[in-house]
Amino acid sequence: MSETSQRPVLVVDFGAQYAQLIARRVREASVYSEIVPHTITAAEVAAKNPIGIVLSGGPSSVYEEGAPALDTGILELGVPTLGICYGFQVMATQLGGEVAHTGQREYGSTAVTARTDDNQLLRGQPTAQTVWMSHGDSVAIAPDGFEVLASTASTPVAAFANDEKRFYGVQWHPEVKHSQYGQDVIVNFLHKAAGIPADWNSGNVIAEQVEKIRAQVGSARVIAGLSGGVDSAVAAAIVHEAVGDQLVCVFVDHGLLRQDERRQVEVDYVAATGIRLVTIDAREQFLTALAGVSDPETKRKIIGREFIRSFEQAERDLIAEADADGEPIRFLVQGTLYPDVVESGGGSGTANIKSHHNVGGLPEDLQFELVEPLRALFKDEVRAIGRELGLPEEIVGRQPFPGPGLGIRIVGEVTEARLELLRHADAIVRAELSAAGLDGEIWQCPVVLLADVRSVGVQGDGRTYGHPIVLRPVSSEDAMTADWTRLPYDVLARISNRITNEVADVNRVVLDVTSKPPGTIEWE
Ligand code: XMP
């Protein structure tokens, strides 16, 4: 089922990291997109009534045994289609062209010569440009009826077009920033070649969600959990826009929060929205439930379970004080985002990497129906919607923080003393990064306490035997992939000095220099 009533551009996922990036680039061109698996049938595609199709890249070779295929009926539906890399080769073979092993692998920045004056796809671009390539096979012969639009030193058919059928393909990756005019290729395909209007924006996403929420909820009451993060804050604000005081927000202080977060929710957010808020102090409850637990997945499950239990307790309390005619609280708002849906296997059948607290970690005895107004959205879109709804910049601009909070940033058992220590170190890191003006470069910077590790140090006149703190600054576009941020040495030095001087029991600060993959962003 579609996440919205908007006619989508379908991004067919051939199993690499690229599908989400393509979906985002399409939306950056103000067109709604959805990711579907390559196993989708022509009938299923037709049922989604797409206005365009993009076939993604993938790691396989089209002639390899077991290579991901595409239902041949899909290219007979008359939907404008753009094939990218592997998707380009799938198109070529299905439409009667030929793909061959050239023996020459092209990888990385590559010069292409393009025809840019007589076709819809590359119109208006320079003829000589640099694109990002990653392929072994190449299209040797374009299908009948197709014009060759570009070539490289080793690839004679690097792009093709059939303007009449509105079929296009490029061997390079236009979705990657290293392709100089990549976004122009996507924009041209959508608006010029396929004639799709640019009408996906924050305003109509809000309008559509408001209507959908009203239809789903009726006159029942809704409860929303605020975590202090962007997602729950924006999700609750949209629901408030839709049903006003039928919504009550519950803020569970699970004790796994960062310094000052409780105040920001209780004071700043409430002032901006006028939302009704109840705070539950569940610090003891969570600490007790987590006592003795070191395994990350077990921690996540416990935190997810206790979270819902807290809501159910809040629900009972709220019902008890409700008006005599009080409607029951039947709905729970969740700030689930599109990448969570895709990563948890809901979007494309990809493997479940971690049980995300707001998707997979819910207990089976959940008593609420879910309202998930952000299920179709990427993070940057959620921020745009938050701004549109007038939320304070310090909330919508905030870095992502995981639902299970500091609980999954203490490697080892979670105790109050360790939380206190980590909160202190985390506050120093955040303050120094902001002071250095680095917030814009960093996607997020988890600060991790290796509670089960000790190392020898020396401080003043004495030997110490303290814990290491790990800094994990990452740059990312969507948290699906990430690279470690090259922070200036002087900023790292200041952070390290302050932490080792000011935080008791920490005598070492280390920097995580692992990309994702292979490392995840969080340590647990
Ligand atoms: P990983 O560690 O999987 O994190 O690379 C990707 C992004 O997701 C956040 N994250 C979570 N968010 N509940 C959440 O709401 C979770 O259980 C959870 N685990 C990871 C993480 O901070 C990063 O932004």
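Rules of the game
Residues numbered from 1 in each chain as written. Predicted model: local features only at pLDDT ≥ 70, side-chain atom pairs only at ≥ 80, totals over all residues. Heavy atoms only, no water. Domains from an automatic or database assignment. Contact = heavy atoms within 4.5 Å. Buried area = accessible area lost by both parts, 1.4 Å probe. Polar contact = N/O pair within 3.5 Å; in protein donor to acceptor, adjacent residues only side chain to side chain. Nonpolar A, V, L, I, M, F, W, Y, C, P; charged D, E, K, R; others polar. Buried < 20%, exposed > 50% of the residue type's maximum accessible area, 1.4 Å probe, protein only. Helix = DSSP H or I, 4+ residues; strand = E, 2+ residues; numbered from the N terminus. Pairing = 2+ DSSP bridges. Expected span 1.5 Å × (residues − 1). Axes fitted to C-alpha atoms, helices over the stretch in contact; angles between N-to-C directions. UniProt positions renumbered as here; feature names shortened; annotations may be inferred. Left-handed = near helix turned anticlockwise from the far one by under 90°.

Outline the domain arrangement of the protein, supporting the account with residue identities and numerical values.
By the assigned domains, the protein splits into domain 1 (9-193), domain 2 (202-396) and domain 3 (414-511). On the domain 3 side, the residues contacting the eleven residues of domain 2 number eleven residues. Both sides of the domain 2 and domain 3 interface together cover about 1100 Å² of buried area, and 59% of this is carbon and sulfur. Connecting domain 2 to domain 3 are three residue pairs in polar contact (both at pLDDT 80 or more). Residues of the side of domain 2 that touches domain 3, tallied by class, amount to five nonpolar, two polar and four charged.

Tell me what's going on with the pairing of strand S8 (residues 159-162), and back it up with residues and numbers.
Covered by surrounding structure in S8 are Ala-159 and Ala-161 together with Phe-160 and Asn-162, the residues of both alternating faces. Inspection of the sheet shows strand S7 (residues 147-151) paired to S8 by three bridges, in the antiparallel sense. In the sheet register, Glu-147 faces S8, and the bridge partner there is Ala-161.

I'd like to hear about helix H5 (residues 202-217), residue by residue, with values.
In this model H5 runs 22 Å from its N-terminal to its C-terminal C-alpha over 16 residues, within 8% of the 22 Å that 1.5 Å per residue would give. Where H5 is concerned, the buried positions are Ser-202, Val-205, Ile-206, Glu-208, Gln-209, Val-210, Ile-213 and Val-217. The inward-facing, buried residues of H5 contact strand S10 (221-226), helix H6 (230-243), strand S13 (329-333), strand S14 (369-371) and helix H11 (379-388). For H5, the side-chain oxygen to backbone nitrogen distance between the N-cap and Gly-203 is 3.1 Å, and the N-cap itself is Asn-201.

How would you summarise the sheet that holds strand S11 (residues 247-253) if you had to cite specific residues and measurements?
One open sheet holds the five strands; their spatial order is S12-S11-S10-S13-S14, and the pairing between them is parallel. Edge strands, defined here as strands with exactly one partner in the open sheet, are strand S12 (277-281) and S14. On average, adjacent strands in this sheet sit at an angle of 35° to one another, irrespective of strand direction. As defined by bridge partners, S11 adjoins S12 across five bridges and the pair is classed as parallel. Looking at S12, one finds that Val-250 is bridged to Val-278.

Go over unusual backbone geometry with me, naming the residues and quoting the values.
Lys-516 connects to Pro-517 through a cis peptide bond whose omega is -15°. When you line up the elements, Pro-517 lands in the segment after strand S21 (506-511). Here the residue pair Pro-517 and Pro-518 is connected by a cis peptide bond, since its omega of 10° sits within 30 degrees of zero. Mapped onto the secondary structure, Pro-518 falls in the segment after S21. Even without glycine at this site, Asn-49 takes up a positive phi of about 50°. With respect to the helices and strands, Asn-49 occurs in the loop between helix H2 (42-48) and strand S3 (52-55).

Talk me through the pairing of strand S16 (residues 447-450); I want residue IDs and the actual numbers.
Residue alternation in S16 divides its side chains into two sets, Val-447 and Leu-449 and Val-448 and Leu-450, and both sets are buried. The pairing of strand S15 (residues 410-411) with S16 spans two bridges and is classified as parallel. Looking across to S16, one finds that Ile-410 is bridged to Leu-449.

Give a description of the UniProt feature "active site" (unreviewed entry) in the protein that names residues and reports values.
In the numbering used here, UniProt assigns the feature "active site" (unreviewed entry) to Cys-85, His-173 and Glu-175. Their sequence span is 91 residues, while the largest C-alpha to C-alpha distance among them is just 10.9 Å; these annotated residues converge on one region. Along the chain, His-173 falls in the loop between strand S9 (167-170) and helix H4 (182-193). By relative accessible area, His-173 is classed as buried at 1%. Discounting chain neighbours no more than four positions away, the residues touching His-173 are Tyr-18, Gly-57, Ile-84, Cys-85, Trp-132, Ser-134 and Ser-179. Of the polar contacts made by the side chain of His-173, one reaches the side chain of Glu-175; its length is 2.8 Å. Within the secondary structure, Glu-175 is located in the loop between S9 and H4.

Please set out the packing of helix H1 (residues 18-28) against H4 residue by residue, giving values where relevant.
Packing of H1 against H4 brings their axes to within 10 Å, and their N-to-C directions diverge by 65°. H1 and H4 meet at a crossing whose hand is right-handed. Counting all contacts with H1, which are made through Arg-25, Val-26 and Glu-28, the residues of H4 involved are Gln-183, Ile-186 and Leu-190. Its residues placed into classes, the contact of H1 with H4 shows three nonpolar, one polar and two charged.

Kindly report on the UniProt feature "binding site: ATP" (unreviewed entry) in the protein, identifying the contributing residues and their values.
As annotated in UniProt, the feature "binding site: ATP" (unreviewed entry) corresponds to Ser-227, Gly-228, Gly-229, Val-230, Asp-231, Ser-232 and Ala-233 in the numbering used here. Here Ser-227 is to be found in the loop between S10 and H6. Among the polar contacts listed, one links the side chain of Ser-227 to the backbone nitrogen of Gly-229, at a separation of 3.0 Å. Residue position: Ser-232 is located in helix H6. Judged by its relative accessible area of 10%, Ser-232 falls in the buried class. Once you skip the residues sitting within four places of it in the chain, Ser-232 turns out to touch Gly-225, Leu-226 and Ser-227. A polar atom in the side chain of Ser-232 sits 2.9 Å from the backbone nitrogen of Ser-227.

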